[in-house]
Amino acid sequence: MGAGEEMHARTVKMSTPGVLAVVTVFSMIPGGLLSDIRDTQGLEGQQLARGSTVLHHRQKRGWIWKQLFVQEEDPTSQIIGQVKSDSDRGSFTIKYVLSGEGAGDVFKIDENSGEIWTLKKLDREKKAFYVLQAQAINTRTEEPVEPQSEFIIKVQDINDNAPQFLNEPYVSSIPEMSPVGTTVAQVTATDADDPMFGNNAKLIYSILQGEPYFSVQPKTGIVVTSWADMNREAREEYLVVVQVKDMLGLSGGYSSTTTVTVTLTDVNDNGPTFQQHVYTFALPENAAIGTTVGRIMAEDGDIGSNAKMTYRLEDDLNESSTFKIETDPVTQEGVILLAMPLDYESKRRYTMVAEAANNHPDTRFLPLDEFSDRTTLKILVEDVDEPPVFLSALYEWKIPENAAVGTVVGTVSARDTDTVKNPIRYSIDKKTDATNAFKIDPNNGTIAIAKALDRETADWHNMSVEAKETMQNRLSSSVAVFITVLDVNDNVPRLARDYQPYICEGTQAGELIHLLSAVDPDKAVEEHHFYYSMVPQERINPNFTIRDNQDNTAGIVARRSTFTRKDQTQYLLPVVVTDSGTPALSSTTTLTIGVCSCLPAGHCPTAGVEALALSGVSMQTLVGIFVCLVTLTALSVLMLIVRRHRRKQQEGTDVEVKELELPDTFSQKVLYYGERGAGL
């Protein structure tokens, strides 16, 4: 503190005013005058720069002033300095004028003495210095005595601001089991006071809450761990309270606090552990493959990926192939599933070992073998009353269609797999054997023919045979039986249709007249081979011959060229069709071949005419009959018209239009008449 001057400081935590002994020397830099002083009186200039309180006098002319500074937050109006020209002899011929920052508002000058006064309290944090100009004016001439000079009034700091933390609140996380000294976070505070003046803005950090687990570096605010091997499974979150003080923590300073929330993140420092040494489950023997037997759970104190595990069944026991285990990705449970069918009568108990192992072991924290655990599984098979089981899943037999009634086709067989071994009875489901072609022995399952078979009616039979227990719940099961009826050659071949061949007059020898084909109900056409021929006594037929095309068809071929209706209108030709079966069967069909006066295109006239021709009526006779019919019809119509006309004349009635009612044998016609006496 210089020359006995005092400063009063206020703090948040202290009500007693304190004395701050600090003197700040402010430099005033009047333009021309200070330059003159430095040029002519260098020693005096140096003394001014060092803050000497001695007034300096210029030899020619100049300013004389005291040092200028002001303490912030002082509300009293006070003299902080004085400016004075060496031309001022005390005769009031000089007046002083103040201009610049804060002139008239914050500062004022006594125009006679040059004393500078404060008008209000100042705040260094808002404005740290003021730049002003002073000028000496001759009161008589109003002319400047000295050039205008500029000087600075500095505001002196006091500790009037508490430190403030930035970026609050602080949240951080570190892995559990971190070593001592691991950086958690860095807290940062600032102080609005002048960092270059005393200790007002000198900060120091300390821990108020969080020890002994955490500590803070006093100068940097870095929070670090101070406790080894903190375990997340024991405690996951910590609240650390950090305090910052200004004035290096000395009494009378300000302080602030902040919180740092520290979360321990998980590491894989725990292995899975089964809570039971033995798990027991029960399952009915008729359970379907894929049925869930049960669930087991190995506890793991870790979370997330560190707690993920895989279950498996050890392969050293035969029982493990009957079951499988899968890991539920949501609950991390081991789900035991049935992989093969069960049979109480064959095996009633299964014992196996299940293992749970971490997917991502971390040997920094545990040995590898501690990342897995084992337990024993016991699965009991429950007995279920089961229906009979057929020895075959499907029965297929073949039998010829000419097999006698009572012939045994085959035998179905079923057994009761339960320990009781109940008797079984067999039956055919009538809904599946509508023809009742077969019967079954209810005691031994033998199936025999009950009715004569016909492959052409039904070439296969599909039925369902039921086996039912005779005791207890009378459970039953069914099996499908397929019986194929084999073909035997028991149908004669026949021509495919009723052929009506004809031969045109003028047909040449060797010309094809008609094409024949045959059918046989025994087999499909593509499975047959038909042979065509004429009866033995007709093999040397002078008119026609049969030509077998070797493709199940045959053609009728003319042997001569002199066919006319005048000679003969029709010929009879017996045709023999023989199949390729064993024994071979055949049939004989006599074809009637008509002689026709064909049209130029080679077609025979209409069917009616053809029928008349085949009956032996000549064309001339046919024409005569047709003319007679037309004539008789015309005469009948004419007679009716004349008769009705005369009747109308007798009645004396004028008729404009009249419809005739003709017999059914005639076509109805509408006749029109004019006036009485008019003709047709």
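Residues numbered from 1 in each chain as written. Predicted model: local features only at pLDDT ≥ 70, side-chain atom pairs only at ≥ 80, totals over all residues. Heavy atoms only, no water.

In the nomenclature of an unreviewed UniProt entry, the protein is known as Cadherin-12 of Poecilia latipinna. Per its UniProt entry, the protein bears the Subcellular location (unreviewed entry) comment "Cell membrane". (UniProt positions renumbered as here; feature names shortened; annotations may be inferred.)

Caption draft 1: Highlighting the sheet that holds strand E20 (residues 255–265). The mixed open sheet is built from four strands, whose spatial order is E13-E20-E19-E16. If you trace the sheet from one side to the other, it starts and ends with strand E13 (170–175) and strand E16 (204–209), each paired once. Taking the axes of each pair of neighbouring strands and ignoring which way they run, one obtains an average angle of 30° across the sheet. Looking at chain direction, E13 and E20 are connected through six bridges and run parallel. Opposite Val171, over in E20, you have Thr261 as the bridge partner. (Pairing = 2+ DSSP bridges. Helix = DSSP H or I, 4+ residues; strand = E, 2+ residues; numbered from the N terminus. Axes fitted to C-alpha atoms, helices over the stretch in contact; angles between N-to-C directions.)

Caption draft 2: Structural view of the sheet that holds strand E42 (residues 531–534). The strand order E40-E46-E45-E42 describes an open sheet built from four strands, whose pairing is mixed. The open sheet has two free edges, formed respectively by strand E40 (502–504) and E42, since each of these has just one partner strand. Ignoring which end each strand starts from, the neighbouring axes of this sheet average 35° apart. Alignment of E42 against strand E45 (residues 570–578), held across four bridges, turns out to be antiparallel. Directly across from Ser533, in E45, lies its bridge partner Val576.

Caption draft 3: Region of interest: the environment of Pro501. Tracing the chain through its elements places Pro501 in the loop between strand E39 (494–495) and E40. Residue Pro501 is classed as buried on the basis of its relative accessible area of 3%. Sequence separation between Pro501 and Ile513 is twelve residues, and the spatial gap between their C-alpha atoms is 7.3 Å. Leave out the neighbours within four places in its chain, and Pro501 touches His514, Ile556, Leu591, Thr592, Ile593 and Gly594. (Buried < 20%, exposed > 50% of the residue type's maximum accessible area, 1.4 Å probe, protein only. Contact = heavy atoms within 4.5 Å.)

Caption draft 4: Broad picture of the environment of Asp454. Mapped onto the fold, Asp454 is located in the loop between strand E36 (446–449) and strand E37 (460–469). Asp454 gets classed as partly exposed once you look at its relative accessible area, which sits at 33%.

Caption draft 5: Quick peek at the side chain of Ser464. Residue placement: Ser464 occurs in strand E37. In contact with Ser464, not counting residues within four places along its chain, are Ser427, Ile428, Asp429, Thr432, Ser478 and Val479.

Caption draft 6: Local environment of the state of the cysteines. Going through the model one piece at a time under the given rule, you end up with two disulfides. Residue Cys504 pairs covalently with Cys598 via a disulfide, S to S 1.8 Å. One quick way to see it: the torsion about the S-S bond of Cys504 and Cys598 is about -85°, and its sign makes the bridge left-handed. With Cys504 in strand E40 and Cys598 in the loop between strand E46 (586–596) and helix H3 (607–614), this residue pair connects regions lying 94 residues apart in the sequence. Residue classification places Cys504 among the buried positions, given a relative accessible area of 16%. Here Cys596 pairs with Cys604 through a disulfide, and the sulfurs are 2.0 Å apart. Disulfide Cys596 to Cys604: torsion about the S-S bond roughly 100°, handedness right-handed. In this structure Cys596 comes out as buried when scored by relative accessible area, which is 6%. Assessed through its relative accessible area of 13%, Cys604 is described here as buried. Across the protein, the way the bonded cysteines pair up, counted in sequence order, is 1-3, 2-4. (Disulfide = S-S within 2.5 Å.)

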